[in-house]
Amino acid sequence: MTDQTSNQMWGGRFAAGPDAIMEAINASIGFDQRLAAQDIAGSRAHAAMLAATGILSDSDAAAIREGLLTVLSEIEGGQFAFSTALEDIHMNVEARLKELIGEPAGRLHTGRSRNDQVATDFKLWVRDQIDAAEAGLIALMRALLAQAEAGADWVMPGFTHLQTAQPVTWGHHMMAYVEMLGRDLSRFRDARARMNECPLGAAALAGTSFPIDREMTAKALGFDRPAANSLDAVSDRDFALEFLSAASICAMHLSRFAEELVIWSSAQFRFVTLSDRFSTGSSIMPQKKNPDAAELIRAKVGRIFGATVALMTVMKGLPLAYSKDMQEDKEQVFDAADSLMLALAAMEGMVRDMTGNREALAAAAGNGFSTATDLADWLVRVLNLPFREAHHVTGSLVALAEAKGCDLPDLTLADMQDVHDGITEDVFNVLTVENSVASRTSYGGTAPEQVRAQIARWKEVLA
């Protein structure tokens, strides 16, 4: 077979044939260079431990420490030349370290393997992302609290099935998302606490015969303890899956709110006005103001869900301990983390900048017979009707109002007494949306006093 025929078979990109194919599929430096800071932190901790236990001389440890700082400076300054031939971030760093300090660089890998090294690097990186997600969540929750406080007593329609159900307050609606995001916050914190065990020192899979001090490296890297089983330590990716799971639920919550903002900012609803900073225009329709940031947040959830399924699929069939399949654990986690952080930042910006249209909210709150449940409750409470009978009477009154083309408060007392003669003038006191929301004083209810109590509680929690 000629070289030309061979090249056509392998494709133009792989002009060197099978060796180029193998290099391309085997190399991870194109994406795992994002682990550079974590890789160097792990190597510095490992070198310090090797010196403290007498495995490495103090002079070699000092040379390694200074060399690693130089490598980090080059990477952060954009002056580092990454090599695909060196496969991954670990070998790239070590090769450059050897160029800088010579023989001592070869002693750095004593008592460890790339297997425990990458597990440590990746866990450190995911832990950093959890910390960033926590900060993003808290910022968004504070933005929602500000909106809730400003409109704690604004009335608006509450929906079920996207149909008008009962009146609620704007503050109550904003606080619903604070509760959702609060659970997201707790999930990320739980995942962080569970993952905070250090794989370093597990070596390839069986530990090492060198007298290393795993407690020392774990402490130096901010872990609570070393991982207790070397096989599990190098093959565990639960920490990444937990991060993706928490990120998926959080992204779903962001997507739900994004969907509401898309609906609310439409000409048909006019509940909110989004700022120009988070909207775009149309290339052909000059009147358009599109909620593109909300729509893109709504779409980001697909990438995050996909990453979760992808990593689950990678891990589901792997025997212990390490398999090269696990190199495919990073790109989707990197992408999901980027998508989540962007979505959190965009949502915080939209929430801080958006303006609720109090008049439109109030007008919509009174439509669709939203106080029908208040009427039924009044019939039970005042006339002592069984709830099922009260429900039937109220349904008849709704049908009457619908036939007359008016809402419940617009019916006359005579109209109501035609349906049930026990109804009195007092019923009209419960048919206003303001009185409806004010009456919902049960814990967690929509009454402004309850909303303000929840705002105060969450301010204290987030402080």
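Anything mentioned here points back to the structure above.
Thresholds applied
- Residues numbered from 1 in each chain as written.
- Predicted model: local features only at pLDDT ≥ 70, side-chain atom pairs only at ≥ 80, totals over all residues.
- Heavy atoms only, no water.
- Core = buried A, V, L, I, M, F, W, Y, C linked by side-chain atoms within 4.5 Å.
- Buried < 20%, exposed > 50% of the residue type's maximum accessible area, 1.4 Å probe, protein only.
- Helix = DSSP H or I, 4+ residues; strand = E, 2+ residues; numbered from the N terminus.
- Contact = heavy atoms within 4.5 Å.
- Phe/Tyr/Trp six-rings, centres within 6.5 Å; stacked < 30°, edge-to-face > 60°.
- Lys NZ or Arg CZ within 6 Å of the ring centre and 35° of its normal.
- Axes fitted to C-alpha atoms, helices over the stretch in contact; angles between N-to-C directions.
- Parallel < 35°, antiparallel > 145°, perpendicular 65-115°, else oblique.
- Left-handed = near helix turned anticlockwise from the far one by under 90°.
- Nonpolar A, V, L, I, M, F, W, Y, C, P; charged D, E, K, R; others polar.
- Pairing = 2+ DSSP bridges.

A. Focus on the nonpolar core. Membership of the largest hydrophobic core comes to 99 residues, with the highest contact counts inside it found for F188, L254, F257, W264 and M347. With 16 residues, helix α11 (residues 238-264) is the largest single contributor of residues to this core. The contact partners of M347, leaving out residues within four places of it in the chain, are L140, L254, F257, A258, L261 and I297. A390, V398, L408 and V427 belong to the second largest nonpolar core, which has 19 residues in total.

B. Fine view of the packing of aromatic side chains. Scanning the entire structure with this criterion turns up 12 aromatic pairs. Consider the rings of F122 and F334, whose centres lie 6.3 Å apart with planes at 85°: the pair is edge-to-face. Of the two residues, F122 is situated in helix α7 (residues 114-150) and F334 in helix α13 (residues 331-353); the sequence distance between them amounts to 212 residues. With relative accessibility at 0%, the residue F122 sits in the buried group. On the basis of relative accessibility, which here comes to 3%, the residue F334 falls in the buried class. Ring centres 6.5 Å apart and planes at 80° place the aromatic pair F257 and W264 in the edge-to-face group. Like F257, the residue W264 is buried in the burial classification. Ring pairing ties together the aromatic residues W154, F159, W170, Y177, F257, W264, F269 and F271, which thus form one cluster. A cation sits over an aromatic face here: R127 above F223, 4.8 Å from the ring centre. Stacked on the ring of F122, the Lys or Arg K330 has its end atom at 5.5 Å from the ring centre.

C. Here's a closer look at the packing of helix α4 (residues 36-52) against α7. In the contact formed by α4 and α7, the axes pass within 9 Å of each other and the chain directions differ by 120°. Classed by the angle they form, the pair α4 and α7 counts as oblique. For the pair α4 and α7, the sense of crossing is right-handed. Along its contact with α4, which presents Q38, D39 and S43, the element α7 presents Q117, D121, L124, W125 and D128. Broken down by class, the residue content of the contact of α4 with α7 amounts to 2 nonpolar, 3 polar and 3 charged.

D. Focus on the pairing of strand β2 (residues 163-169). The pairing of strand β1 (residues 155-160) with β2 spans 5 bridges and is antiparallel. Among the inter-strand pairings, T160 is bridged to a residue of β2, identified as Q163. Between the antiparallel neighbours β1 and β2 lie 2 residues, among them H161 with a positive phi of about 60°.

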